[in-house]
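# What the coordinates show
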Amino acid sequence: MKIHYPNGQPFHYNNDKSESRKKQKQVKYSNRGMTLEKELNLTNQQYLNENLAVIHKKPTPIQVVKVDYPRRSAAKITEAYYRRSSTTDYNGVYKGYYLDFEAKETKNKSSFPLNNFHEHQIQHMQQSCAHGGICFTIVRFSSLNEIYLLEAEFLFKWWDQQFLEDGRKSIPLASIKNECAQIPYGYNPRIPYLQVIDQLIEEKNSK
């Protein structure tokens, strides 16, 4: 099946390069080559299995372009386009609270580029927060193998300032370290981010 990016360029599979990158990460990092998304999916599955939370990854919409019918009773999609996600990566419910968040990775060692976000994603989080949802972003600095949870208000502040004269186009790692919670790697679950959410809920209830 042919799949294209939103700009029309074809998506190519390259298993050799993928395997090569995976082996490099296995040697260099303790995450054994797993992507942040995969680790979060495993974490969320464990939360679900233990009946702690119901959190799922939202599927990326696909626009079907061409369908072949090899048999009358069967249809095969032969060409499709990835459509731009309209909201964020994950959402669900935890302790009666609606959670909505993005998962991002960067190879930068000193800052997190704001162009990792689309304006519609920020707007979606702002709307969700306005209705009492808990929104955030989980960011991994892959070169440092460090993960942080950026609360929505922190992200909004940096998003808005980039449009000012001489505004920064990235969030300094120093600011993230100073104002955001680092999520230490665990074994089971791998990324225990609900520990940070517990603190946010406690602060929310104390106001």
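What you are looking at is a predicted structure, and each value in this text was computed from that prediction instead of being measured.

### With respect to the pattern of salt bridges
Within the structure shown, the criterion is met by nine salt bridges. Taking the shortest distance from any N to any O, the salt bridge between lysine 95 and aspartate 198 comes out at 3.0 Å. Of this pair, lysine 95 sits in the loop between β5 (90-94) and β6 (97-106) while aspartate 198 sits in helix α6 (residues 194-206), and the two are 103 residues apart along the sequence.

### Remarks on the side chain of glutamate 102
Along the chain, the position of glutamate 102 falls in strand β6. In this structure glutamate 102 comes out as buried when scored by relative accessible area, which is 1%. At 2.8 Å, the side chain of glutamate 102 forms a polar contact with the backbone nitrogen of aspartate 89. Sequence-distant contacts of glutamate 102, that is, excluding residues within four places in its chain, are made with Thr87, Thr88, Asp89, Phe117, Gln121, Phe136, Thr137 and Ile138.

### Notes on the sheet that holds strand β9 (residues 146-151)
Pairing is mixed across the open sheet formed by six strands, whose spatial order is β2-β5-β6-β8-β9-β11. Of all strands in the sheet, those bounded by a partner on one side alone are β2 (54-57) and β11 (181-182). Judged from the eight bridges that link them, β6 and strand β8 (residues 134-141) form a sheet pairing that is parallel. Bridged to leucine 99 within β8 is isoleucine 134. Of the strands in this sheet, β8 and β9 touch helix α4 (residues 152-161), which is tilted by about 85° from β9.

### Remarks on α4
Taken across its ten residues, α4 has seven buried, putting it largely inside the fold. Burial in α4 covers these residues: Ala152, Phe154, Leu155, Phe156, Trp158, Trp159 and Gln161. Looking at the packing, one finds that the buried side of α4 touches α3 (119-130), β8, β9, β10 (170-172) and α5 (173-179).

### A look at the nonpolar core
Counting residues in each nonpolar core, the largest one holds 24 residues, and the members touching the most others are Leu40, Phe136, Ile138, Leu149, Tyr193, Leu194 and Ile197. It is α6 that provides the largest number of residues to this core, a total of five residues. Core analysis: the next-biggest nonpolar cluster, separate from the first, contains 20 residues, Leu114, Met125, Phe141 and Trp158 among them.

About the cut-offs
Residues numbered from 1 in each chain as written. Predicted model: local features only at pLDDT ≥ 70, side-chain atom pairs only at ≥ 80, totals over all residues. Heavy atoms only, no water. Salt bridge = Lys/Arg side-chain N within 4 Å of Asp/Glu carboxyl O. Helix = DSSP H or I, 4+ residues; strand = E, 2+ residues; numbered from the N terminus. Buried < 20%, exposed > 50% of the residue type's maximum accessible area, 1.4 Å probe, protein only. Polar contact = N/O pair within 3.5 Å; in protein donor to acceptor, adjacent residues only side chain to side chain. Contact = heavy atoms within 4.5 Å. Pairing = 2+ DSSP bridges. Axes fitted to C-alpha atoms, helices over the stretch in contact; angles between N-to-C directions. Core = buried A, V, L, I, M, F, W, Y, C linked by side-chain atoms within 4.5 Å.

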